[in-house]
Amino acid sequence: MASPNLTSSLRETRVFPPPAEFAARAHVQNFAQYQALYQQSVSEPDRFWAGVARELHWFHAPEQGLDWDQAASRVRWFADGTLNMSDNCIDRHVAGGRGEHTALVWEGEPGEVRALSFRELLLEVGRCSSMLRALGVAKGDRVAIYMGTTPEVAIAMLACTRIGAVHSVVFGGFAPQAIADRILDADCRVVLTQDGTYRRGTEIPLKRSVDEALRQCPSVRSVVVFRRTGSPVAMEPGRDLWWHEQMAGAEPLCPPEPLGAEDPLFILYTSGTTGKPKGLVHTNGGYAVQTYLTTRLVFDLHPDDIFWCTADVGWITGHSYVLYGALQNGVTTLLYEGAPNCPDPGRFWQLIDRHRVTAFYTAPTAIRAFMQWGPGYPRAARLDSLRVLGTVGEPINPEAWMWYHSEIGRGRCPVADTWWQTETGAHMLAPLPGAIPTKPGSATLPFPGIVPAIVTKAGEPVPAGHGGLLVIRKPWPSIARTIWGDHARYVQTYWAEVPGSYFSGDGARQDDDGYFWLMGRVDDVINVSGHRLGTMEIESALVAHPRVAEAAAVGKTHQLKGQAISVFVTLEAGARPSPELREELRSWVAREIGSLARPDDVRFVQALPKTRSGKIMRRLLRELAEHGEIKGDTTTLEDFAGLAKMREGDEA
Ligand code: WT7
């Protein structure tokens, strides 16, 4: 994983300057302005971020900026300040005279539309906060949210933040075991869910998954069920309650609780190389400040913008941009419940036209799917409301970037490739679209206040043009503060790898202009459709199957998804490989973790290649999955025992 192994054949030379008309009304209008802003932000970071913080509402304005205990890897920002996220997302705009402006527009997959003004949202969130309090939820308590895309999921998240409860949103595509693991890890006692949601014309029974998960979670005392589809669900007396009944009697006036900037705001789980998923903890102040500013500058938002980020709220992109970034900026945010190809592959473009979307933010995996569906669908739409486009989740190939730019942006709209992570909370590398020329495939330059570097494992900078590890030299406001219940793992994962710097786990290079080109993860984490999946979760699901003895999962290149999952399994004595078992194992993983984790291929092998210390040699498996062979090695495909012997000690 050292830098010399990271070679890149990508050399892209096209450059797109910001369109003049766009730049003329942008918050940051030219490259010199960006440079000045960046310089000031890194030479006086406390002063820079304090200036941004002042644009939000604080009950007690902070005097302090960054407080970094390097030895303990403890980061605090604005620690003496108090504020409230829902207050900044809602009340601040109502108080400022924008109560009638639309905060949320939602479209269901079957086609229903609901809109809520900031004033209406205030009442709904107030009611939901009162409901949570009535259920005994207090400041600091963790609340699990397992819902589809509805206005109610936004209301639920905002209501938690209003009373200082810590939400843990579990992506609606996760299976019961994954829900249970997350509920248990954070010790959630209250779960908010809904009967079901629509996806590609069929109903996904969310409540049923919760019921199954809760068999393992005896300390959950209340489950509140929002009725979305109306399908019958089992309601357990004494535990399960209907959302509409609880909300009907709840008091809409519920003042936001002043919370410490360093009080936890939410926990969000993400995958690592080994061990169980990590519950990353984000806190109130720094996260609010950086999501506010990045949304404003990277999408160049103005009061009348209609912002659509297609991510599910169950991922960090949904938290930071669908919800908190957009609403703190007082713009309208669009939520769409369903699939991009329902009822046909033109759905997204019709949504953009129908709701007059001005800023559109999606993932390379989606863009590649649109490309495959053909240009006829976007060409049938006007798309004239669009001003700016964004992408996130994985490196975007220049071809997809160009397609996005010409077919969706019609050559008029800047494309912002945004690099960041669940851990970073907000954008880290991204163009400011009125100021920074873009190059297809590059996340361009650091956001103000961010100090990235490309280094060797020893932390030495590598020259321009060479691949290395992407690190961040200094803490930024929205960095995750810890892993829930395991600060040692946080230190180990992010601060110990390259001493003194935050280690992102990504490889990258900088070109002669200083532009960053991401090259993917340097560890074993698999990135499927822009979502990180740890090999560990997939492997433990597989070995839980009665016929599987051992399993290893690796990623391999996939045209649409970025990476696909290949698994290698050895069977228990007496079990025989068969096409049926292969299919059964694929469904098994999908059932255990969620369909995102369904392996694309399953290979039965006699043994897994291991080092003397027993570590699976994934590098070899990756080569096998990718090329069907290990280069320069005549060992037959599935004769791993011999292979392992030959390579022993390689990665001990
Ligand atoms: C990993 C973070 C950040 C929200 C979505 C995923 C990859 C993300 C880019 C990009 C190249 C990217 C990285 C990163 N990634 N955005 N613009 N260019 N790679 O959040 O699940 O925490 O995954 O996604 O590998 O480390 P996440």
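Our subject is the structure that appears above.
Report follows, based on the coordinates. (Residues numbered from 1 in each chain as written. Predicted model: local features only at pLDDT ≥ 70, side-chain atom pairs only at ≥ 80, totals over all residues. Heavy atoms only, no water.)

## Examining the overall build of the protein chain
Scanning the protein chain from terminus to terminus reveals 20 helices and 31 strands. In terms of C-alpha radius of gyration, the protein chain reaches 24 Å, essentially the compact-globule figure of 26 Å for 652 residues. Counting only residues that meet the buried cut, the protein chain has 61% of its 652 residues in that class. Here the contacts in the protein chain between residues at least 6 apart in sequence split such that 72% fall between residues at least 24 apart. If you sum the accessible surface of the protein chain, you get close to 24,000 Å²; carbon and sulfur atoms cover 51% of it. Between the centroid of the 66 positive side chains of the protein chain and the centroid of its 74 negative side chains there is a distance of 1 Å. (Helix = DSSP H or I, 4+ residues; strand = E, 2+ residues; numbered from the N terminus. Rg over C-alpha atoms; globule rule 2.2 N^0.38 Å. Buried < 20%, exposed > 50% of the residue type's maximum accessible area, 1.4 Å probe, protein only. Contact = heavy atoms within 4.5 Å. Areas by Shrake-Rupley, 256 points an atom, 1.4 Å probe, with all protein chains shown as cover. Lys, Arg positive; Asp, Glu negative; His and termini not counted. Charge placed at Lys NZ, Arg CZ, Asp CG, Glu CD.)

## Quick notes on empty space enclosed by the protein
For the structure on display, the rule yields two cavities of 30 Å³ or more. Each pocket or cavity is described by its volume, and for the largest cavity that value is around 40 Å³. (1 Å grid on protein atoms, 1.4 Å probe; cavity = no way out; pocket = protein on both sides within 12 Å on 5 of 7 lines; lining within 4 Å. Points joined across faces, edges and corners; volume = space filled by probe spheres on them.)

## Re the state of the cysteines
The final tally for this structure, using the stated rule, is zero disulfides. Cys 309 takes part in no disulfide bond, and the closest cysteine sulfur, belonging to Cys 89, lies 14 Å away. (Disulfide = S-S within 2.5 Å.)

## Concerning the packing of aromatic side chains
One pass over the full model with this rule turns up 33 aromatic pairs. Ring centres 5.9 Å apart and planes at 55° place the aromatic pair Phe 370 and Trp 373 in the tilted group. Here Phe 370 pairs with Trp 373, and both are found in helix H13 (residues 364-373), just three residues apart, close to one helical turn. With relative accessibility at 29%, the residue Trp 373 sits in the partly exposed group. An aromatic cluster is defined as three or more aromatic residues linked by ring pairs; in this entry it consists of Trp 308, Tyr 336, Phe 348, Trp 349, Phe 360, Phe 370, Trp 373 and Tyr 404. Over the face of the ring belonging to Trp 106 we find Arg 114, whose NZ or CZ atom lies 6.0 Å from the ring centre. (Phe/Tyr/Trp six-rings, centres within 6.5 Å; stacked < 30°, edge-to-face > 60°. Lys NZ or Arg CZ within 6 Å of the ring centre and 35° of its normal.)

## With respect to the pairing of strand S23 (residues 468-472)
By the criterion of burial, S23 is predominantly enclosed, with five of the five residues buried. Pairing between strand S22 (residues 452-455) and S23: four bridges, direction antiparallel. Residue pairing across strands places Ile 454 opposite Leu 470, the latter belonging to S23. (Pairing = 2+ DSSP bridges.)

## Quick word on the environment of Tyr 146
If you trace the backbone, Tyr 146 turns up in strand S7 (residues 142-146). Excluding residues that lie within four positions of it along the chain, Tyr 146 makes contacts with Val 170, Phe 171, Gly 172, Phe 174, Ile 179, Leu 192, Thr 193, Gln 194, Leu 206, Ser 209 and Val 210. Here Gly 172 takes part through its backbone oxygen, which lies 3.3 Å from a polar atom of the side chain of Tyr 146. For Tyr 146, the side chain forms a polar contact with the main-chain oxygen of Phe 174, separated by 2.7 Å. (Polar contact = N/O pair within 3.5 Å; in protein donor to acceptor, adjacent residues only side chain to side chain.)

## Quick word on the pattern of salt bridges
Under the defined criterion, the tally for this structure stands at 38 salt bridges. Among the ionic pairs, Glu 44 bridges to Arg 47, the shortest N-O distance being 3.2 Å. Relative accessible area serves as the criterion here: at 55%, Arg 47 is assigned to the exposed category. For the salt bridge of Asp 601 with Arg 603, the shortest nitrogen-to-oxygen distance reads 3.9 Å. Overall, the relative accessible area of 18% leaves Asp 601 in the buried class. By sharing partners, the salt bridges in this structure join Lys 207, Asp 211, Glu 236, Arg 239 and Asp 240 into a single network. (Salt bridge = Lys/Arg side-chain N within 4 Å of Asp/Glu carboxyl O.)

## A closer look at the sheet that holds strand S21 (residues 415-417)
The mixed open sheet is built from seven strands, whose spatial order is S6-S5-S18-S17-S19-S20-S21. Edge positions in the sheet fall to strand S6 (113-117) and S21, since each has one partner strand and no second. Mean inter-strand twist for the sheet, computed between neighbouring axes without regard to direction, equals 20°. The pairing of strand S17 (residues 306-309) with strand S19 (residues 359-362) spans three bridges and is parallel. Opposite Trp 308, over in S19, you have Phe 360 as the bridge partner. The sheet strands contacting helix H5 (residues 118-134) are strand S5 (102-107) and S6, and the helix crosses S6 at an angle near 90°. Sheet strands touched by helix H15 (residues 398-408): S19, strand S20 (388-391) and S21. Its angle to S20, the strand with the most contacts, is close to 155°. (Axes fitted to C-alpha atoms, helices over the stretch in contact; angles between N-to-C directions.)

## Some points on the nonpolar core
Grouped together as the largest cluster of nonpolar side chains are 115 residues, with contacts concentrated most on Leu 121, Ile 145, Leu 192, Trp 243 and Phe 307. With nine residues, helix H6 (residues 151-163) is the largest single contributor of residues to this core. With residues up to four places along the chain from it excluded, the contact list for Phe 307 reads Phe 299, Leu 301, Tyr 321, Val 322, Ala 326, Val 331, Thr 332, Thr 333, Leu 334, Ala 359 and Tyr 361. Val 166, Ile 183, Ala 553 and Val 589 belong to the second-largest nonpolar core, a separate cluster that totals 48 residues. (Core = buried A, V, L, I, M, F, W, Y, C linked by side-chain atoms within 4.5 Å.)

## Comments concerning the pairing of S5
Looking along a regular strand, one sees side chains alternate from face to face of the sheet. In terms of burial, S5 is largely enclosed, as five of its six residues are buried. The sheet contact formed by S5 and S6 spans five bridges and is antiparallel. Note that in S6 the partner of Glu 107 across the bridge is Val 113. Hairpin connection from S5 to S6: five residues lie between these consecutive antiparallel strands, with Gly 111 at a positive phi of about 120°. The sheet contact formed by S5 and strand S18 (residues 332-336) spans four bridges and is parallel. By the bridge assignment, Leu 104 is partnered in S18 with Thr 333.

## Details of helix H4 (residues 85-98)
Each α-helix turn comprises 3.6 residues. Residues three or four places apart therefore point the same way. The principal kink in H4, of about 35°, is found at Asp 91. Along H4, the residues classified as buried are Met 85, Ser 86, Asp 87, Asn 88, Cys 89, Ile 90, Asp 91, His 93 and Val 94. For H4, the side-chain oxygen to backbone nitrogen distance between the N-cap and Ser 86 is 2.8 Å, and the N-cap itself is Asn 84. (Bend = angle between axes of the 7 residues up to and from the residue.)

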